[in-house]
Amino acid sequence: MPELPEDEQRKVRDAAEDYQSTVHAMLAFSAFVVHDATAQRPNSHFGFGRRMTTSKANVVAPSGTVTPDIVAQKSDSYGVVAEVKRSLPSDRTKWAAHVEQIRKYDDDLTGWWTSDARIATSDTTLLLHQTRSRAFIKVLDDERKKNAEAVGPYTSVVEFNRSDERQVNYFFRLEWGDVRDADLSGRLREGVAVPIDKVIRTFANVKFYDADPPLHSLLALLWIDYFGPLVAAVAYDENLKAFPIDVSSAAIADELQRAYGSQLLEKDDRSVAFPNAKVVRKALDALVTMKLAMALPRGTSEYRVLYRQFNDDILLRFASMLKTPAEKVIEQAAFPFDERQVAVTGSAAESPRRKGHTPDPETKPAAPSKSRKKPPRK
Amino acid sequence: MTRLTDARERRKFEVFVEEILASAADDVPGHLAQLSVPDPFRLRMKVLYSRDTISAALAQQQKLGNVHERNPHAFRLNVSVGRAPSRKVRLPFAILDAGRPNMFVAIAVCAREEWQALVRFLDARYPQLVPVYLSQRELIGSIKTLRHSTPDLDLRVREMSATEKIETETGKRKRSVREWTDEDLDNLLVHVEDRRQIINSLRFDFHRRINDKVDVIPTLSCKVTRKAIVEISGKFAVAWDTVIADVVAAGAEKLKFFSQRGLRDRNYSASPLAIHFKKQVFDDLAEVRRFVDVMRKYPHSAYAVEHGNPYAHLQLSDRYDGSSFELWAVTSDEILVLPRLRATEGAVERLIHYIYDEFREGEVTDAGAA
């Protein structure tokens, strides 16, 4: 596998990190709305990508369905609908689309967790990363000057960033407009810091929201977390030089939803499922292109993953392989796996070395070396 | 202590020991209590954890012919020991039920080289057999418990091996130290703390005490290591009932604490752990980078580093049994360990021990919602 240049490595990690940061920022903001200092408020709820119905009077999409990133209900009479943008296109002419998007949300939406699914007071907030908030606010003002209806009356902009001080925090501050809840408004005006470790402790395994994750991140998670434990149940295939694992995208998506996604949050007929089978299929198709899986013609399993042990950084490996043209994949995937792979488990006789656990050369085969050989020149 | 130098005598002793270990499991401790162990033999024990029966854990090795089972608890290991030239030996050993769920004690009476070969063999049986490791805190805790539970015995620390950090021209290095003392345990611990040493093993003597009079000859001399290995000279029964019981209890408690952490075992509700350090370790960015570097080298794992500066976030797996974890270092004095879909207690133990050994020792706690 060709090693990515350092700046590419940084971009790859940043993309994975941006997605995770967005999830954390969404959780932190939701927690800010639904929790007081000690516990969850009565009648409070939140959801990601919840299907909400617009009113007939909606100026952009009357009687339609919208799926804001966050719907957070503080009480049975007040809630916040928020859209999160960690980054925006460099072409500012495209930002008007975001203005229109939040305009749709500034409405008497239906879909709240109340008896009639409506709520007395709701505000619409655009959560923008600090690096873009001021510039976007200018666009917002310009749009409003052109058309007073372009921005809703109850729309606000809250900027956020991750402060990498001694204590890593997500920091939220109201930069434009207001929210009509006096408590939230006061705190947002001053700025709210939510320690990241509290987010991780409270929502330890929420890793997705209703936007697709970067493909290399999803592949790394599947490789380490989903396929890894399944290797124990299969025998190494000498011809394939891999552990063949039959999987279905629906089953993977279902487990990811339970473990890391939508099923960790409140579930009802308005909630959406994430990550969905479509993005899982996309990841599995990418493995097919990388010669690390094959599509199966029939049966309950759609793919046979050809699991191999990688000794380098899985995130960077998949990012690099995704960039590799399909016709070059064969020679690259074959390296460095032309040697026999060591069984993951099943028999400790095949388990190789680790620190403090010196292998017994008489009883087990040698472990694959951590050092990587150079591929043969073609 | 007598020393067996004659090869035939040694062989006879080994045969006798094998008969003891192969006797009924309940009788083995009684027989060992009666045994006088000559030099260069030593009676050594190692505490292990297994979800399987020992026969099942060693079944594959029996098929390969490396191990012969004489009784469900008694085995003979065929192994080469020594270097240039090596020699093949048939080493008898027993693995007895330690009286706590899934806890076992491997026992052998043999010379050092044979014992080291047996430990290598047992360690390599992971994940079927999980080696129990004691942190410094657990090691000291066991010995303190031991002191309280044996009021009729006077406990004196005789030898300590430890690791300490030293500054050199090329940076920080670790140095092994071995010290012989006649200190009370509390004095020794003050000394260890002052020098920021990490204890690897402690050897101590038990002297009988009647009223306030203490025997000058120890009734038992005992060495306990971080690898939960106990080596004794003297009264086996005292060691079995006290030292081993305490080390087993410490191991059992820890493995129980580490169990049922995987998401699949918990209907997908998270059960994170935190390794808490006394110092604000991650205030120094170099330590964040060092932590990431250490974890990249976690043996027999797959890893992905998502962030390395100014905080650490990575995921890694244990290829031996498919367990996987997410690690976060986002505060200055803590590492959060998030067990993922599968996370066995053995894999948690292996990971924590690796972090303690290669990065820094801390204290593991539950890290539920703060």
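To continue, consider the overall build of chain A. Regarding its fold elements, chain A presents ten helices and twelve strands. By residue count, 56% of the 378 residues in chain A fall in the buried class. Residue pairs at least 24 apart in sequence account for 66% of intrachain contacts in chain A once pairs closer than 6 positions are excluded. For chain A, the exposed surface amounts to about 16500 Å²; the carbon and sulfur share of it is 48%.

Attention shifts here to the packing of aromatic side chains. Applying the stated rule across the entire model yields 30 aromatic pairs over all chains. Between B:Phe236 and B:Trp240, the aromatic rings sit 5.7 Å apart at their centres with planes inclined by 25°, giving stacked as the arrangement. Placement of both B:Phe236 and B:Trp240 in helix 8 (residues 236–258) is noted, with a separation of four residues, approximately one turn of the helix. The two residues B:Phe236 and B:Trp240 agree in class, both being buried. Sitting over the face of the ring of A:Tyr226, B:Arg264 holds its NZ or CZ atom 5.7 Å from the ring centroid.

Time to look at the interface of chain B and chain A. Interface size is often expressed as the accessible area that is lost when the parts come together. The interface is formed by 68 residues belonging to chain B together with 57 residues belonging to chain A. Summed over both sides, the interface between chain B and chain A buries roughly 5300 Å², with carbon and sulfur atoms accounting for 54% of that surface. Counting the surface chain B buries against chain A, the share from its top three residues, B:Tyr268, B:Arg319 and B:Tyr320, is 13%. Linking chain B to chain A there are four salt bridges. A salt bridge links B:Glu334 to A:Arg201; the shortest N-O distance between them is 2.4 Å. Taken together, chain B and chain A are joined by 17 residue pairs in polar contact (both at pLDDT 80 or more). Across the side of chain B that touches chain A, the residue classes break down as 32 nonpolar, 18 polar and 18 charged.

The next thing to look at is the environment of A:Asp36. All names here are of chain A. Relative to the assigned elements, Asp36 resides in the loop between helix 1 (6–34) and strand 1 (45–48). By relative accessible area, Asp36 is classed as partly exposed at 34%. Through-space distance from the C-alpha of Asp36 to that of Ile314 is 40 Å; in sequence the pair is 278 residues apart. Within the local environment of Asp36, its side chain forms a polar contact with the backbone nitrogen of Thr38, the two atoms lying 2.8 Å apart. At 2.7 Å, the side chain of Asp36 and the backbone nitrogen of Ala39 are in polar contact.

The next subject is the packing of helix 6 (residues 215–230) of chain A against helix 9 (residues 314–323) of chain A. All names here are of chain A. Where helix 6 meets helix 9, the axes come as close as 8 Å, and the angle between the chain directions of the two elements is 130°. By the angle between their directions, the pair helix 6 and helix 9 is classed as oblique. Taken as a pair, helix 6 and helix 9 cross one another with a handedness that is right-handed. From helix 6, Leu215, His216, Ser217, Leu219, Ala220, Trp223 and Ile224 reach across to helix 9, where they touch Ile314, Leu315, Phe318, Ala319 and Leu322. Its residues placed into classes, the contact of helix 6 with helix 9 shows ten nonpolar, two polar and no charged.

Glancing now at helix 1 (residues 7–22) of chain B. Residue and element names in this part refer to chain B. With 16 residues, helix 1 extends 22 Å between its outermost C-alpha atoms, agreeing within 8% with the 22 Å of an ideal straight helix rising 1.5 Å per residue. If you check which residues of helix 1 are buried, you get Phe13, Val17, Glu18, Ile20, Leu21 and Ala22. Contacts from the buried residues of helix 1 go to helix 2 (28–34), strand 2 (67–71), strand 3 (74–81), strand 4 (87–97) and strand 5 (103–110). Its side-chain oxygen at 3.1 Å from the backbone nitrogen of Arg8, Asp6 defines the N-terminal cap of helix 1.

All names here are of chain B. Most of strand 12 (residues 229–234) is tucked away: five of the six residues are buried. The pairing of strand 1 (residues 42–49) with strand 12 spans four bridges and is antiparallel. Bridge pairing in strand 12 links Arg44 to Glu231. Two elements, strand 11 (residues 220–225) and strand 12, share five bridges in a ladder whose sense is antiparallel. Looking at strand 12, one finds that Cys222 is bridged to Ile232. In textbook terms, the turn of a hairpin is the stretch between consecutive antiparallel strands, and for strand 11 and strand 12 this stretch comprises three residues, one of which, Ala228, has a positive phi near 60°.

All right, on to the sheet that holds strand 11 (residues 293–295) of chain A then. Residues and elements named next belong to chain A. Read across the sheet, three strands follow the order 10-12-11 without closing on themselves; strand pairing throughout is antiparallel. Edge positions in the open sheet fall to strand 10 (243–247) and strand 11, since each of these has one partner strand only. For this sheet, the mean inter-axis angle between neighbouring strands, taken without regard to orientation, is 20°. As paired strands, strand 11 and strand 12 (residues 303–307) are joined by three bridges and run antiparallel to one another. Note that in strand 12 the partner of Ala293 across the bridge is Val305. Along the sheet, helix 6 makes contact with strand 10 and strand 12, crossing strand 12 at roughly 95°.

This part takes up the nonpolar core. A:Phe29, A:Phe172, A:Trp223, A:Phe227 and A:Leu287 are the most contacted members of the largest nonpolar core, which has 96 residues in total. For this core, the leading source of residues is helix 1 of chain A, giving 13 residues. Not counting the four nearest positions on each side in its chain, A:Phe172 is found in contact with A:Ala25, A:Ala28, A:Phe29, A:Leu127, A:Val158, A:Glu159, A:Phe160, A:Leu188, A:Gly191, A:Val192 and A:Val194. B:Val17, B:Ile20, B:Phe204 and B:Ala312 belong to the second largest nonpolar core, which has 91 residues in total.

With that settled, consider the packing of helix 6 (residues 136–149) of chain B against helix 8 of chain B. Residue and element names in this part refer to chain B. Packing of helix 6 against helix 8 brings their axes to within 9 Å, and their N-to-C directions diverge by 135°. Taken together, the axes of helix 6 and helix 8 are oblique relative to one another. Relative to helix 8, the crossing made by helix 6 is right-handed. On helix 8, the residues that touch Glu138, Ser142, Thr145, Leu146 and Ser149 of helix 6 are Thr242, Val243, Asp246, Val247, Ala250 and Lys254. For the contact of helix 6 with helix 8, the residue count by class is four nonpolar, four polar and three charged.

Further remarks concern the environment of A:His129. All names here are of chain A. With respect to the helices, strands and loops of the structure, His129 is situated in strand 6 (residues 121–129). On the accessibility criterion, His129 (13% relative accessible area) is buried. When the C-alpha positions of His129 and Val139 are compared, they lie 15 Å apart, and in sequence the two are ten residues distant. With near-sequence residues (within four places) excluded, His129 lies in contact with Lys85, Arg86, Phe160 and Asn161.

Let us look at a positive patch on the surface. Taken together, the side chains of B:Lys165, B:Lys172, B:Lys174, B:Arg196 and B:Lys279 present a region of like positive charge at the surface. In this fold, B:Lys172 is placed in strand 8 (residues 171–183).

Here the focus is the confidence of the model for chain A. Detailed reading of the predicted coordinates is not advisable wherever pLDDT is low. On average, residues of chain A score 85 in pLDDT, and 85% of them are at 70 or above. For residues 331–378 of chain A, every residue scores under 50 in pLDDT, and the model assigns this stretch 125 contacts once sequence neighbours within four places are set aside.

The rules behind these values
- Residues numbered from 1 in each chain as written.
- Chains lettered and ligands numbered in written order.
- Predicted model: local features only at pLDDT ≥ 70, side-chain atom pairs only at ≥ 80, totals over all residues.
- Heavy atoms only, no water.
- Helix = DSSP H or I, 4+ residues; strand = E, 2+ residues; numbered from the N terminus.
- Buried < 20%, exposed > 50% of the residue type's maximum accessible area, 1.4 Å probe, protein only.
- Contact = heavy atoms within 4.5 Å.
- Areas by Shrake-Rupley, 256 points an atom, 1.4 Å probe, with all protein chains shown as cover.
- Phe/Tyr/Trp six-rings, centres within 6.5 Å; stacked < 30°, edge-to-face > 60°.
- Lys NZ or Arg CZ within 6 Å of the ring centre and 35° of its normal.
- Buried area = accessible area lost by both parts, 1.4 Å probe.
- Salt bridge = Lys/Arg side-chain N within 4 Å of Asp/Glu carboxyl O.
- Polar contact = N/O pair within 3.5 Å; in protein donor to acceptor, adjacent residues only side chain to side chain.
- Nonpolar A, V, L, I, M, F, W, Y, C, P; charged D, E, K, R; others polar.
- Axes fitted to C-alpha atoms, helices over the stretch in contact; angles between N-to-C directions.
- Parallel < 35°, antiparallel > 145°, perpendicular 65-115°, else oblique.
- Left-handed = near helix turned anticlockwise from the far one by under 90°.
- Expected span 1.5 Å × (residues − 1).
- Pairing = 2+ DSSP bridges.
- Core = buried A, V, L, I, M, F, W, Y, C linked by side-chain atoms within 4.5 Å.
- Patch = residues over 30% accessible without salt bridge, like charges linked within 9 Å, V, L, I, M, F, W, Y side chains within 5 Å.
- Lys, Arg positive; Asp, Glu negative; His and termini not counted.
- Charge placed at Lys NZ, Arg CZ, Asp CG, Glu CD.
- pLDDT = per-residue confidence, 0-100.

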